[in-house]
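Fold and geometry: a report
Read off the chains here:
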Amino acid sequence: MNAPNPPARCRLVLIAPAGFAAAEFETAIRAALSGGDVASVILPQYGVDEAAFQAFATPAVAAAQEHGAAAIIAGDSRVAGRLQADGLHVEGSKADVADAIDRLQGRMIVGADAGKTRDDALDIGEERPDYVFFGRFGYDRTPEPHPRNLSLASWWAEMIELPCIVLGGSEIASVEAVAATGAEFVALSAAVFAPGVDPREAVEEANAILDRTAPRFEE
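In this report, we go over the structure that sits alongside the text.

About the thresholds
Throughout, a residue's number is its position along its own chain's written sequence, starting from 1. Given that the model is predicted, a residue must reach a pLDDT of at least 70 before its local features are reported, and side-chain atom pairs must reach 80 or more before they are shown or counted; all residues, however, enter totals for whole chains, interfaces and linings. Each side-chain value is worked out from all heavy atoms of the structure, with water and hydrogens disregarded. Exposure categories follow from relative accessible area, calculated using a 1.4 Å probe and restricted to protein chains: below 20% of the type maximum is buried, above 50% is exposed, and the middle band is partly exposed. Helix and strand definitions here come from DSSP, where helices need a minimum of 4 consecutive H or I residues and strands a minimum of 2 consecutive E residues; each element is numbered from the N-terminal end. In short, DSSP must find at least two bridges between two strands for them to pair. Seen with its strands pointing away from the viewer, a crossover is right-handed if its path from the first strand over the helix to the second goes clockwise. Salt bridges are identified by distance alone: a Lys or Arg side-chain nitrogen within 4 Å of an Asp or Glu carboxyl oxygen. What makes two residues a contact is simply this: any of their non-hydrogen atoms within 4.5 Å. Angles here are taken between N-to-C directions and fall from 0 to 180 degrees, while the axes themselves are lines fitted to C-alpha atoms, restricted in helices to the stretch in contact. Any angle that is under 35 degrees is reported as roughly parallel, and any over 145 degrees as roughly antiparallel; angles of 65 to 115 degrees are reported as roughly perpendicular and all others as oblique. Handedness of each helix crossing follows the sense of rotation of the near helix against the far helix: counterclockwise by less than a right angle gives left-handed, clockwise gives right-handed. When residue character is reported, Ala, Val, Leu, Ile, Met, Phe, Trp, Tyr, Cys and Pro are called nonpolar, Asp, Glu, Lys and Arg charged, and the others, Gly included, polar.

Observations concerning the pairing of strand β4 (residues 87–90)
Burial along β4 is two-sided: the face carrying Gly87 and His89 and the face carrying Leu88 and Val90 are both buried. Taken together, the 3 bridges between strand β3 (residues 70–74) and β4 define a ladder with parallel strand orientation. In the strand pairing of β4, Ile73 is matched with Leu88. Read as a crossover between parallel neighbours, the route from β3 over helix α3 (residues 77–82) to β4 is right-handed. Judged from the 4 bridges that link them, β4 and strand β5 (residues 109–113) form a sheet pairing that is parallel. Counted as the bridge partner of Val90 is Ala112 from β5. With helix α4 (residues 94–104) bridging β4 and the parallel β5, this β-α-β connection has right-handed handedness.

Re the pattern of salt bridges
Following the criterion strictly, the structure yields 12 salt bridges and no others. Across the salt bridge formed by Arg9 and Asp211, the nearest N and O atoms sit 2.7 Å from each other. Taken together, the residues Arg9 in the segment before β1 (11–15) and Asp211 in helix α9 (residues 199–213) connect sequence positions 202 residues apart. According to the relative accessible area criterion, Arg9 is buried, its value standing at 3%. Residue Arg78 is joined to Glu50 by a salt bridge in which the shortest nitrogen-to-oxygen separation is 2.9 Å. Of this pair, Arg78 sits in helix α3 while Glu50 sits in helix α2 (residues 50–67); the two residues are 28 residues apart in sequence, bridging distant segments of the chain. Using a relative accessible area of 52% as the deciding quantity, one classes Arg78 as exposed.

Quick notes on unusual backbone geometry
Residues other than glycine seldom take positive phi values, yet Gln84 does so here, at roughly 55°. Within the secondary structure layout, Gln84 lies in the loop between α3 and β4. A positive phi angle, near 60°, is found at Arg128, a position not held by glycine. With respect to the element layout, Arg128 can be found in the loop between α5 (118–125) and β6 (131–134).

Comments concerning the environment of Ile73
By secondary structure assignment, the location of Ile73 is in strand β3. Separated by 53 residues in sequence, Ile73 and Phe20 have C-alpha atoms that sit 16 Å apart. Those residues in contact with Ile73, other than ones at most four positions away along the chain, are Leu43, Phe53, Ala57, Val61, Val79, Ala80, Ala85, Gly87, Leu88 and His89.

Details of the packing of helix α1 (residues 22–33) against α2
Two elements in contact, α1 and α2, have axes separated by 9 Å at closest approach and are oriented at 15°. With respect to their mutual orientation, α1 and α2 come out roughly parallel. α1 and α2 meet at a crossing whose hand is right-handed. Contacts from Ala22, Phe25, Glu26, Ile29, Arg30 and Leu33 of α1 reach α2 at Ala55, Phe56, Pro59, Ala60, Ala62, Ala63, Ala64, Glu66 and His67. Looking at the contact of α1 with α2, its residues break down into 11 nonpolar, 1 polar and 3 charged.

Structure (structure tokens):
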């Protein structure tokens with residue numbers, strides 16, 4: 001379980017990768033969550049139909065919430081509602097973000113993709129989502145985070161009060177570079193769930209790196 005008082009530094013967010021069966025991912029996410037502090041779990045739809053996505057997400061939402069992590073559905077607000085998820089992640093236009101915030105904020109977390117430029121991020125930020133996300137699901141294919149995402153996160157953390165999540169790389173060590181930007185959260189997917197990786201050990205290692213190297217936020 002997460003500790004009652006989370007660490008005052010960059011925290012982990014886990015993103016489900018594409019291609020897992022529901023039972024397989026439930027085993028993996030429960031192992032990962034047993035490895036230490038995880039703020040939230042984001043479950044992208046990856047283009048599958050609504051019924052298949054709900055079947056996949058159901059045990060993962062339960063696992064996250066049992067651990068004390070927020071379960072965030074990316075894609076389908078109906079699935080988020082049925083599963084009583086903690087949040088919805090919006091991958092769409094400013095209008096889509098505004099609509100989700102109008103309907104749901106206050107009842108659940110509403111986060112949003114921040115786009116690829118400062119102007120994109122500011123445009124989305126005007127709607128005041130609960131967080132913005134720098135990166136693209138499934139694009140953590142290199143050991144290091146994408147340089148553009150690090151640059152945007154550094155600028156955002158310095159200028160804007162809204163929290164941001166930044167996609168890390170395919171290696172656990174990438175959390176250090178993300179934390180150095182001042183971002184509140186680092187998202188990992190392949191680094192935790194790739195074949196041959198022990199999810200529990202990966203989360204333990206990520207938290208150990210963050211404990212040693214991440215800047216501390218003011219209490």
